[in-house]
Amino acid sequence: MEKLIEKVKRRIESLAQELEHIYNDYPEAVIGEITVKNILGGMRGMKSLVCNTSYVDPYKGLFISDLEIPDFEDKSPEEIFFLLVTGSLPSVDELNELKSEFNKRSRVPQHVWTTLKSMSQTTHPMTMFSIGILAMEGESVFKQKYARGIPKSDYWKYTLEDSLNLIAKLPELAAGIYRILFMNGELIDTSDEKLDLAGNLTYRLGFNRHNPSFADLNRLYLVLHCDHEGGNVSAFTSRVVNSALSNIYLAASAGLNGLAGPLHGLANQVCLNFITCIHDQFGNNPTVDQVRDFVTATLDAGKVIPGYGHAVLRVTDPRFTSFMKFGDAHCSDSPYLQTVKKLFQVVPDILRSYKGGKVANPWPNVDAISGSLLYHYGMTHYEFYTVMFGISRVLGFCAQNTIARGLHQPIIRPKSVTTAWLKEYLKKQ
Ligand code: AMX
């Protein structure tokens, strides 16, 4: 792993140097104002974090280093992790080294299965995923080293070590949860060392024999969901937790608990349910007018349209476009994909005029389409979709926190105020 470690070290040193200059040259520079609207509006748009793994442009979507989605959508999750944490794509040797490292570390300890199998069958797969990761927390190398005493300059190395151990186990852990809940608990226990993370996931889920392009979808899925800068609910949560030097298992589990909310990662499950409800009501080939009526009725009932809107994006999510390209190439006749297209035809116009134009972004996000593709390949238990999102998003948590620890970023602790303080303060303005 020397090559990866060396590259991360160099990146951290260079970022640290740049930040030191910024700090020394502009210690009092003002980045923005904090308004009442900001603090009552979920801190939306407040620039208050540094995140170097990725950046979301409101009009172009996700950037990793200077690469946009069309530049990296054909890469593997391993290449993407390398890119997130080092800032550059790996060479062939570096990639092979990383793949074999993940392979060596991929076995989930037996006690985790005992814990998960003892849980109620009604437990949501995201809860099991989060608990499965927490159950492995005892293995944290960071935790053990920290207890013995290590210099701050070594924190990132053990965060990276924990990250590699954790990421390697995610396909087996996630697939095991799928099989415990939906396949009578029969785990696929043999492994194939030639498989990459996405191949191993597909194999252990039990799908590969039916359709090899499902592994390609899973590869794309794990790439597109990997990171979305630092302020989204899940990444931010994992950053806050890790900033207290809680290890990466604790931080990843916490981040995933945020991802499990319907306004965030759970939206992919809700979207598939939404389409299923349309099909239940109108059949598998609803007309555009029927879809429009369903959307309007949903809004009239006070619900949001899942898969539409975004806190940062102001265009169709390029991840949506990338999945659509895959769908058109592999399953254009899927009734679910067809309904996704009909929703895309009607929802933006409806949302534009909804609530007096209050919806900041009427365009689809990644969750509007991802589940329909999984469904096409036979993964019909849509409660599992957010786990698929989560496997990928942990790559981002790990990369962000490794770098944050390398930069010795302090514990995150913004100040809150009371309403009384606010009233008093504003009276004096
Ligand atoms: N359907 C109905 N109303 C919507 C809407 C949608 N898809 N998107 C936004 N709105 C409403 C909001 O609920 C809000 O209404 P309120 O002020 O009466 O509460 C108003 O429009 C303004 O919100 P906004 O500034 O446009 O969005 P936001 O930054 O507050 O929230 C998001 C962003 C994603 C939570 C919101 O668009 C939403 O709820 N979308 C549906 C759920 C979804 O798809 N989530 C997944 C997002 C991507 C991800 O994290 N995986």
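Reference entry: report on the structure contained in this document.

**With respect to the site of the ligand**
Logical step 1: Taken together, 22 residues form the shell around the ligand, and within it His-264, Tyr-308, Lys-355, Ala-360 and Asp-367 come nearest.
Logical step 2: Contact between the ligand and Lys-355: an oxygen atom at 2.7 Å from a side-chain N or O atom of the residue.
Logical step 3: Burial of the ligand by the protein amounts to 78% of the accessible area it has alone, namely 890 Å².

**Brief notes about the sheet that holds strand β2 (residues 61-64)**
Logical step 1: Read across the sheet, three strands follow the order β1-β2-β3 without closing on themselves; strand pairing throughout is antiparallel. The open sheet is flanked by β1 (54-57) and β3 (67-68), the only strands paired with a single partner.
Logical step 2: Relative to β2, β1 is paired through four bridges, and the arrangement is antiparallel. Bridged to Ser-54 within β2 is Ile-64.

**Quick word on the packing of helix α12 (residues 233-243) against helix α13 (residues 248-259)**
Logical step 1: Viewed as axis vectors pointing N to C, α12 and α13 meet at an angle of 150°, and their least axial separation amounts to 7 Å. The orientation of α12 with respect to α13, classified from their angle, is roughly antiparallel. Remark: the crossing between α12 and α13 carries right-handed chirality. Contacts from Val-233, Ser-234, Thr-237, Ser-238, Val-241 and Asn-242 of α12 reach α13 at Ile-248, Leu-250, Ala-251, Ala-254, Gly-255, Gly-258 and Leu-259.
Logical step 2: For the contact of α12 with α13, a count of residues per class yields seven nonpolar, six polar and no charged.

**Some remarks on the packing of aromatic side chains**
Logical step 1: In the structure shown here, the tally under the stated rule is 17 aromatic pairs.
Logical step 2: Geometrically, the ring pair formed by Tyr-178 and Phe-207 is tilted, given 5.9 Å between the ring centres and 50° between the ring planes. One end of the pair, Tyr-178, is in helix α9 (residues 155-182); the other, Phe-207, is in the loop between α10 (197-205) and α11 (213-224), and 29 residues separate them in sequence. Each member of the pair, Tyr-178 as well as Phe-207, is classed as buried.
Logical step 3: One aromatic cluster is present, built from ring pairs that chain together Tyr-178, Phe-182, Phe-207, Phe-214, Phe-326, Tyr-377 and Phe-384.

**Structural notes on the side chain of Ser-243**
Logical step 1: With respect to the secondary-structure elements, Ser-243 resides in helix α12.
Logical step 2: In this structure, Ser-243 is in contact with Arg-405, Pro-410, Ile-411 and Ile-412, ignoring residues within four places of it in sequence.

**Digging into unusual backbone geometry**
Logical step 1: The residue Ser-65 is not glycine, and still its phi comes out positive at about 50°.
Logical step 2: Take Ser-65: it is sitting in the loop between β2 and β3.
Logical step 3: If you check the backbone angles, Asn-184 has positive phi at about 55° while not being a glycine.
Logical step 4: Inspection of the secondary structure puts Asn-184 in the loop between α9 and α10.

**Focus on the nonpolar core**
Side chains of nonpolar character tend, in soluble globular proteins, to be buried together.
Logical step 1: Counting 108 residues, the largest nonpolar core has Phe-81, Phe-129, Leu-166, Leu-173, Val-295, Met-379 and Phe-384 as its most contacted members.
Logical step 2: With 15 residues, the top contributor of residues to this core is α9.
Logical step 3: Excluding anything up to four places from it in sequence, Leu-166 contacts Ile-133, Met-136, Ile-248, Tyr-249, Ala-252, Val-394 and Cys-398.
Logical step 4: If you look at the next biggest cluster of nonpolar residues, it comprises five residues, including Val-141, Phe-142, Tyr-155 and Tyr-158.

**What about a nonpolar patch on the surface?**
Logical step 1: A cluster of nonpolar side chains, contributed by Ile-34, Val-36, Ile-39, Leu-40, Val-417, Trp-421, Tyr-425 and Leu-426, occupies part of the molecular surface with about 750 Å² of accessible area.
Logical step 2: By secondary structure assignment, the location of Val-417 is in the loop between α19 (385-406) and α20 (419-427).
Logical step 3: A relative accessible area of 37% places Val-417 in the partly exposed class.

**Some points on the packing of α9 against α19**
Logical step 1: As a packed pair, α9 and α19 sit with axes 8 Å apart at the nearest point and diverge in direction by 175°. Relative to α19, α9 is oriented roughly antiparallel. Note on element contacts: α19 touches α9 through Val-387, Ile-391, Val-394, Leu-395, Cys-398, Asn-401, Thr-402, Arg-405 and Gly-406, opposite Tyr-155, Trp-156, Thr-159, Leu-160, Ser-163, Leu-166, Ile-167, Leu-170 and Ala-174.
Logical step 2: Within the contact of α9 with α19, the residues separate by chemical class into twelve nonpolar, five polar and one charged.

**Considering the state of the cysteines**
Logical step 1: One pass over the structure, following the stated rule, counts zero disulfides.
Logical step 2: This cysteine, Cys-226, is not joined by any disulfide, and Cys-51 carries the nearest cysteine sulfur, 11 Å off.
Logical step 3: Cys-226 sits in the buried class, given a relative accessible area of 0%.
Logical step 4: Just so you know, Cys-277 is unpaired, no disulfide at all, and the nearest cysteine sulfur is the one on Cys-271, 12 Å from it.
Logical step 5: In this structure Cys-277 comes out as partly exposed when scored by relative accessible area, which is 31%.

Conventions used here
- Residue indices begin from 1 for each chain and proceed along its sequence in written order.
- Per-residue local features of the predicted model are confined to residues with pLDDT of at least 70, and side-chain atom pairs are confined, for both listing and counting, to 80 or more; whole-chain, interface and lining totals are unaffected and use all residues.
- Side-chain numbers come from the whole structure's heavy atoms, not from hydrogens or water.
- Nearness of a residue to a molecule or strand requires only that one of the residue's heavy atoms be within 4 Å of it.
- A 3.5 Å cut-off defines polar contacts: any pair of N or O atoms within that distance qualifies, except that in protein one atom must be a possible hydrogen donor and the other a possible acceptor, and neighbouring residues in sequence count only when both atoms are side-chain atoms.
- Per-residue and other accessible areas follow the Shrake-Rupley method at a 1.4 Å probe size, with only the shown protein chains counted as cover for residues.
- Paired strands, as defined in this entry, are two strands with at least two bridges between them according to DSSP.
- Strands here are runs of E lasting at least two residues and helices are runs of H or I lasting at least four, both read from the DSSP assignment and numbered beginning at the N terminus.
- Only the stretch in contact is used when a helix axis is fitted, and all axes are lines through C-alpha atoms; the angle between N-to-C directions ranges over 0 to 180 degrees.
- Just so you know how the angles are binned, under 35 degrees is roughly parallel, over 145 roughly antiparallel, 65 to 115 roughly perpendicular, and the rest oblique.
- Crossings are assigned a handedness: left-handed for a near helix turned anticlockwise from the far helix by less than a right angle, right-handed for a clockwise turn.
- Here a residue-residue contact requires only that any non-hydrogen atoms of the pair lie within 4.5 Å.
- Classification convention: Asp, Glu, Lys, Arg as charged; Ala, Val, Leu, Ile, Met, Phe, Trp, Tyr, Cys, Pro as nonpolar; all other residues, Gly among them, as polar.
- Each Phe, Tyr or Trp ring, with Trp reduced to its six-membered ring, pairs with another whose centre is within 6.5 Å; inter-plane angles below 30 degrees give stacked pairs, above 60 give edge-to-face pairs, and intermediate values give tilted ones.
- When accessible area is computed with a 1.4 Å probe and restricted to protein chains, residues below 20% of their type maximum are described as buried, those above 50% as exposed, and intermediate ones as partly exposed.
- Here, nonpolar core means buried Ala, Val, Leu, Ile, Met, Phe, Trp, Tyr and Cys residues that are tied together by side-chain atoms lying within 4.5 Å of each other.
- In this scheme, patches are assembled from residues that exceed 30% relative accessible area and form no salt bridge. Like charges are connected within 9 Å, while nonpolar side chains (Val, Leu, Ile, Met, Phe, Trp, Tyr) are connected within 5 Å.
- A carboxyl oxygen of Asp or Glu within 4 Å of a side-chain nitrogen of Lys or Arg is what we treat as a salt bridge.
- Throughout, a disulfide means two cysteine sulfur atoms within 2.5 Å of one another.

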